[in-house]
Amino acid sequence: FFHRTATWSYFTVRVAGQNLADEVNIIKKEFAKAFPDNPFNYTFLDQFFAAQYHEDQRFERIFGLFSMLAIFISCLGLFGLSSYMIVQRTKEIAIHKVLGASAGNIITLLSKELIKIVLIAGVLTIPITYVVATRWLHGYAFHIALTWWHLVTPVALGLLFTAATIGIQTIKAARANSSKSLAYE
């Protein structure tokens, strides 16, 4: 049943799993016959593999939490920056509206600078992300190959978050009464 060699330190035994306690006791008795001086220590492969990936799953939860926190803080920063930009450009917005600019033109005027900054940042991070993710994935025996959509999707989501964050304020500024803005100045 068991064969002693100098190079083996583990044995793998497949069990039916019907009556696990009895099967383990039978294996323990046979092991004690074959190797009377060695202790019988066992573990199940599913538990062994689960323990190996426990750190990765913990890292995933922590990384996800901090990613959401970073996204929230960046959205707050974008919200503040767009508020400041709109206040600074109130007179310019009013003049554009008086000269016949539509709400869509005003929204484009206010949004394009911030969206361009986020797009440039996203494009600059794609090569860095590719190198880091590729090196990280090569640490696993089985890993996926990175494709273009793995790298472009976060940039697209970043642009979507940017548009949503600054969209409310730009729409409000585009719909504001231009005569009040010009009279105030």
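What counts, and at which threshold
Residues numbered from 1 in each chain as written. Predicted model: local features only at pLDDT ≥ 70, side-chain atom pairs only at ≥ 80, totals over all residues. Heavy atoms only, no water. Axes fitted to C-alpha atoms, helices over the stretch in contact; angles between N-to-C directions. Helix = DSSP H or I, 4+ residues; strand = E, 2+ residues; numbered from the N terminus. Parallel < 35°, antiparallel > 145°, perpendicular 65-115°, else oblique. Left-handed = near helix turned anticlockwise from the far one by under 90°. Contact = heavy atoms within 4.5 Å. Nonpolar A, V, L, I, M, F, W, Y, C, P; charged D, E, K, R; others polar. 1 Å grid on protein atoms, 1.4 Å probe; cavity = no way out; pocket = protein on both sides within 12 Å on 5 of 7 lines; lining within 4 Å. Points joined across faces, edges and corners; volume = space filled by probe spheres on them. Salt bridge = Lys/Arg side-chain N within 4 Å of Asp/Glu carboxyl O. Buried < 20%, exposed > 50% of the residue type's maximum accessible area, 1.4 Å probe, protein only. Phe/Tyr/Trp six-rings, centres within 6.5 Å; stacked < 30°, edge-to-face > 60°.

## Points about the packing of helix α2 (residues 45-88) against helix α5 (residues 148-175)
Here comes step 1: Look at α2 against α5: their axes get within 9 Å of each other, and the N-to-C directions meet at 25°. When the axes of α2 and α5 are compared, the pair comes out roughly parallel. The interaxial crossing formed by α2 with α5 has right-handed handedness. Mapping the contact onto sequence places I71, C75, L78, F79, S82, S83 and I86 in α2 and F161, T162, T165, I166, Q169, T170 and A173 in α5.
Here comes step 2: Each residue belonging to the contact of α2 with α5 can be placed in one class, and the counts come to 8 nonpolar, 6 polar and no charged.

## Some words on the layout of surface pockets
Here comes step 1: There is about 1,200 Å³ of room inside the largest pocket.
Here comes step 2: Around the largest pocket, the lining is made up of 35 residues, and of these F63, S67, I71, T129 and P154 lie nearest the centre.
Here comes step 3: When contributions to the lining of the largest pocket are tallied by element, the ones reaching two or more residues are α2, α4 (103-137) and α5.
Here comes step 4: Of the residues that constitute the lining of the largest pocket, the class distribution is 23 nonpolar, 10 polar and 2 charged.

## A look at the pattern of salt bridges
Here comes step 1: One pass over the structure, following the stated rule, counts 4 salt bridges.
Here comes step 2: A salt bridge links E92 to R89, with the nearest nitrogen and oxygen atoms 3.0 Å apart.
Here comes step 3: Accessibility expressed as a relative area gives 30% for E92, which makes it partly exposed.
Here comes step 4: Look at R89 and you get buried, because its relative accessible area is 14%.

## Observations concerning the packing of aromatic side chains
Here comes step 1: Inspection of every chain in the model, using the stated rule, returns 8 aromatic pairs.
Here comes step 2: Where Y42 meets F44, the ring centres are 5.8 Å apart and the plane angle is 85°; that geometry is what we call edge-to-face.
Here comes step 3: When the centroid spacing of 5.8 Å and the interplanar angle of 90° are considered together, the rings of W136 and Y140 count as edge-to-face.
Here comes step 4: For W136, a relative accessible area of 48% translates into the label partly exposed.

Geometric descriptors of this kind do not, in isolation, establish any biological role.
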